[in-house]
Amino acid sequence: MLIDWFTVIAQVVNFLILVWLMKRFLYAPILSAIDAREKRIAAELADAEAKQSEAQRERDEFKHKNEEFALQRKAMLSTATLEVQTERQRLLEEARKASEDLRAGQEEAMRTDFRNLGDEIMRRSRDEVFAIARKTLDDLATESLEEHMVEAFIRRCRAVGDVEKTALQAAFKTAAGPALVRSTFPLPAAQRKAIELATREVFAFEGQFQFETSPDLVSGITLSVNGYEVAWSIADYLLALKQNVGDLLSIQSPAEEQKELHPEDGANGHG
Amino acid sequence: MQLSPDEHIFWQYGFVKLNATIVFTWALMLVLAVGSKIITGKLATGLKRSRWQNLMEIVVVAMENQIAEVGLREPRRFLGFIGTLFLFVAIASLCTIIPGFKPPTGSLSTTVALALCVFVVVPLFGIEDQGLIGYFKSYLEPTVIMLPFNIIGEISRTLALSVRLFGNMMSGEMIIGILLTITPYIFPIVMTLLGLLTGMVQAYIFSVLATVYIAAAMGDQGLKQEPEAQQ
């Protein structure tokens, strides 16, 4: 008999025990280890995914911040550029103004220098001319220069035009005080007399005369009353000389020079 | 010549006897249990693990996948029984290369015992899954007339299961024994190698057939899909 029933029963029992042993020592631990590992891997994957999403979020945030920063930088840059341009414009304007002021100052200084130079030239010329004229007159005649000047003044008085004469006569007539005669040098009594006579004759003046010495006059004589004036002076010739010198230098206009040399000419009776 | 290790009796007391089948079965049980205990005693759950653990994991996962491929929805529920069937038959066949070892599966008593286990377990799983009435109703399908044939089929397949394994294992042993007397040197070694292959195939066939029987006994709830293999 090939089948031994005791052995069959024993093998059934053995097999059942083996099933229990295998479950206990092999399947359960191995499957638990596999499950634990799978769970761990799944957790790690989930963690990695979470980290990846976190990294993605942070990257997006960083990108967003970067864009914001770029915008701010651009805005600040444009603001700064505008400010710099404004400041540059202002500084340029200031520099231009300062330069203009400096130039104006220099021009003014130059004009002043030129004016002083002109004055100096005029003064020296006057002195020289006066000296030459005096010397020449002394050489040519026996009368003194003063006599000639008085004669010249009297000729001037007599040569006044009708319109001016009428105006001057009216002025002499309405004069409250004495007629003022100014001269560079003290006039002798004869010449004073001559002036008085000529004045009374030409302008029908009845009042008194007052004689004064004025070194400011350039070798001349002036007769003024009630705001009107009749004058003869070497200054007239000097003025012409100065004008010629000014034209030569081409700096100052003749009108300006005229104004500087004869500020009260506008009120004069003889022009 | 002894046809079965049952005939090699170490100790006997009346009906109770201690033959080679039982002794070698115990030896196999000891190897399997102690080996499993040693390997699973220091299991690593991390990515780094020992070679033996890898081997055991491969074996266990392969058996689990095989059960699932047959169509059972919860392979771990059946892994204890079917996996042990496979391991027992396979290790018994592998151990034939050890001189003096007699595979317990070469005993018709052992194969009958295993077939009886399958014979008992199949309806147990079926009843657990479908209930008592539901399971026995399957014997009346497709018609009542088929009841005796179904019962005969149930018994005959158990018989076939046991005899198939016994025949293959015993014949391998017999052929090697005969060849040793005729051509003692090279040819028995080739046949031993062939026997190893045959043993592995028989282990696979035995466990897969057991799985198929269980799958056939399960209702639709227990199956992943319609059973592909039918006996």
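Each chain has its residues counted from 1, following the order in which its sequence is written. Written order decides the labels, with chains lettered from A and ligands numbered from 1. Residue-level local features of this predicted model are given only where pLDDT is at least 70; pairs of side-chain atoms are given and counted only at 80 or more, and the full residue set underlies all totals for whole chains, interfaces and linings. Hydrogens and waters are ignored; side-chain quantities use all the structure's heavy atoms.

Side note on the interface of chain B and chain A
- With 48 residues of chain B at the contact, the number on the chain A side is 31 residues.
- A quick way to say it: buried area is the sum, across both parts, of accessible area lost when two parts are put together, with a 1.4 Å probe. Of the roughly 3600 Å² buried between chain B and chain A on both sides combined, carbon and sulfur atoms contribute 76%.
- A salt bridge links Lys17(B) to Asp4(A), with the nearest nitrogen and oxygen atoms 3.0 Å apart.
- Residues adjacent in sequence count toward polar contacts only when both atoms are side-chain atoms; beyond that, a polar contact is any pair of N or O atoms within 3.5 Å, and within protein one must be able to donate a hydrogen and the other to accept it. On inspection of chain B and its partner chain A, the count reaches 11 residue pairs in polar contact (both at pLDDT 80 or more).
- Secondary structure elements follow DSSP: runs of H or I of four or more residues count as helices, runs of E of two or more count as strands, with numbering from the N terminus. Contributing elements (two or more residues each) for the side of chain B that touches chain A: strand E2 (16-19), helix H1 (20-41), helix H2 (51-70), helix H3 (75-94) and helix H4 (108-130) of chain B.
- With 10 residues, the top contributor of residues to the side of chain B that touches chain A is H1(B). Contact between two residues is taken to exist if any of their heavy atoms lie within 4.5 Å; hydrogens are not considered. Definition used for salt bridges: Asp or Glu carboxyl oxygen within 4 Å of a side-chain nitrogen of Lys or Arg.

With respect to the packing of H4(B) against helix H6 (residues 147-182) of chain B
All names here are of chain B.
- Where H4 meets H6, the closest approach of the two axes is 8 Å, and the angle between their N-to-C directions is 145°. The crossing of H4 and H6 is right-handed. The segment H4 lies against H6, with Leu108, Thr111, Val112, Leu114, Ala115, Leu116, Val118, Phe119 and Val122 engaging Glu154, Ile155, Arg157, Thr158, Leu161, Ser162, Val163, Leu165 and Phe166. Every angle, taken between N-to-C directions, lies between 0 and 180 degrees, and every axis is a line fitted to C-alpha atoms, over only the stretch in contact when it is a helix. Handedness of a helix crossing follows the sense of rotation of the near helix relative to the far helix, less than a right angle counterclockwise being left-handed and clockwise being right-handed.

Section: the pattern of salt bridges
Residues and elements named next belong to chain A.
- Applying the stated criterion across every chain, the model contains 22 salt bridges over all chains.
- Taking the shortest distance from any N to any O, the salt bridge between Glu61 and Arg57 comes out at 3.2 Å. Placement of the pair is Glu61 and Arg57 together in helix H1 (residues 5-140), with a separation of four residues, close to one helical turn.
- Here Arg90 makes a salt bridge to Glu94, at a shortest N to O gap of 2.4 Å.

Some points on unusual backbone geometry
- The omega torsion of the bond from Glu141(B) to Pro142(B) falls at -5°, within 30 degrees of zero and hence cis.
- You can see Pro142(B) is positioned in the loop between helix H5 (132-137) and H6.
- One non-glycine residue, Ala204(A), lies in the positive phi region at around 55°.
- Mapped onto the secondary structure, Ala204(A) falls in the loop between helix H4 (189-203) and strand E2 (209-213).

Here we look at the environment of Leu194(B)
Residue and element names in this part refer to chain B.
- Inspection of the secondary structure assignment puts Leu194 in helix H7 (residues 187-217).
- Residue classification places Leu194 among the partly exposed residues on the basis of a relative accessible area of 42%.
- Along the backbone, Leu194 and Gly172 are 22 residues apart, and their C-alpha atoms lie at a distance of 8.5 Å. Each residue is placed in one exposure class: buried if its accessible area under a 1.4 Å probe, protein chains only, is under 20% of its type's maximum, exposed if it is over 50%, and partly exposed if it falls in between.

Digging into the confidence of the model for chain A
- Summarising the model, chain A shows a mean pLDDT of 81, and 82% of its residues fall at 70 or more.
- For chain A, helix H6 (residues 254-261) of chain A is the element with the lowest average pLDDT, namely 49, and H1(A) is the one with the highest, namely 89. Confidence of the prediction at every residue is given by pLDDT, a number between 0 and 100.

Structural notes on the packing of aromatic side chains
- For this analysis, a ring pair means two rings from Phe, Tyr or Trp (six-membered ring only for Trp) whose centres lie within 6.5 Å, classed as stacked if their planes differ by under 30 degrees, edge-to-face if by over 60, and tilted for the remaining angles. Evaluation of the coordinates by the stated rule reveals 12 aromatic pairs over all chains.
- With centroids separated by 5.3 Å and ring planes inclined at 70°, the aromatic side chains of Tyr135(B) and Phe136(B) adopt a geometry described as edge-to-face.
- The class for Phe136(B) is partly exposed, based on a relative accessible area of 44%.
- Their ring planes at 85° and their centres at 5.5 Å tell us that Tyr135(B) and Tyr139(B) sit as a pair that is edge-to-face.
- The class of Tyr135(B) is buried, set by a relative accessible area of 3%.
- A connected cluster of aromatic rings, assembled from ring pairs, spans Phe172(A), Phe203(A), Phe205(A), Phe209(A) and Phe211(A).
- Two limits define a charge over a ring: the Lys NZ or Arg CZ must be within 6 Å of the ring centre, and within 35 degrees of the ring normal. Against the face of Tyr213(B) rests Arg157(B), its NZ or CZ located 4.1 Å from the ring centre.

A word on the sheet that holds strand E1 (residues 179-183) of chain A
Residue and element names in this part refer to chain A.
- Strand pairing requires that DSSP identify at least two bridges connecting the strands. In spatial order, the strands read E2-E1-E3-E4; together these four strands make up an open sheet with mixed pairing. Each of the sheet's edge strands pairs with one partner strand only, and the pair in question is E2 and strand E4 (228-233). Here the strands of the sheet are splayed against their neighbours by 15° on average, with no regard to which way each runs.
- For E1 and strand E3 (residues 220-225), the ladder comprises four bridges, and the chain directions are antiparallel. Counted as the bridge partner of Leu180 is Ser224 from E3.
- Of the strands in this sheet, E1, E3 and E4 are in contact with helix H3 (residues 162-173), which crosses E4 at around 115°.

Topic: the side chain of Arg37(A)
- With respect to the helices and strands, the residue Arg37(A) is situated in helix H1.
- With residues near it in sequence (within four places) discarded, Arg37(A) still touches Ala44(B), Thr45(B), Gly46(B), Leu47(B), Arg49(B), Gln53(B) and Glu57(B).

Quick look at the confidence of the model for chain B
- Mean pLDDT over chain B stands at 86; residues scoring 70 or higher make up 93%.
- Within the model, pLDDT remains below 50 along residues 226-231 of chain B, and this stretch shows nine contacts once partners closer than five positions in the same chain are excluded.

Details of the side chain of Lys17(B)
- Topologically, Lys17(B) is positioned in strand E2.
- According to the relative accessible area criterion, Lys17(B) is buried, its value standing at 15%.
- At 3.0 Å, the side chain of Lys17(B) and the side chain of Asp4(A) are in polar contact.
- Contact partners of Lys17(B), with chain neighbours within four places excluded, come to Asp4(A), Phe6(A), Ile9(B), Trp11(B), Gln12(B) and Ile22(B).

What to know about the pairing of E1(A)
- Going residue by residue along E1(A), you find Ala179(A), Val181(A) and Ser183(A) tucked away on one face and Leu180(A) and Arg182(A) left uncovered on the opposite face.
- A crossover links E1(A) with its parallel partner E2(A), the connecting element being H4(A), and its sense is right-handed. The handedness rule is simple: strands pointing away from the viewer, and a clockwise path from the first strand over the helix to the second, make the crossover right-handed.

Description of the nonpolar core
- Counting residues in hydrophobic clusters, the biggest one holds 57 residues, and the most contacted among them are Leu26(A), Tyr27(A), Phe81(B), Leu85(B), Leu114(B), Val118(B) and Ile214(B).
- At the level of secondary structure, the elements contributing two or more residues to this core comprise H1 of chain A together with H1, H2, H3, H4, H6 and H7 of chain B.
- With near-sequence residues (within four places) excluded, Ile214(B) lies in contact with Leu72(B), Phe78(B), Phe81(B), Ile82(B), Val121(B), Val122(B) and Phe125(B).
- Put simply, a nonpolar core is a bunch of buried Ala, Val, Leu, Ile, Met, Phe, Trp, Tyr and Cys residues held in one set by side-chain atoms that sit within 4.5 Å of each other. Counting 28 residues, the second-largest nonpolar core is a separate cluster that includes Val181(A), Leu187(A), Phe209(A) and Ile234(A).

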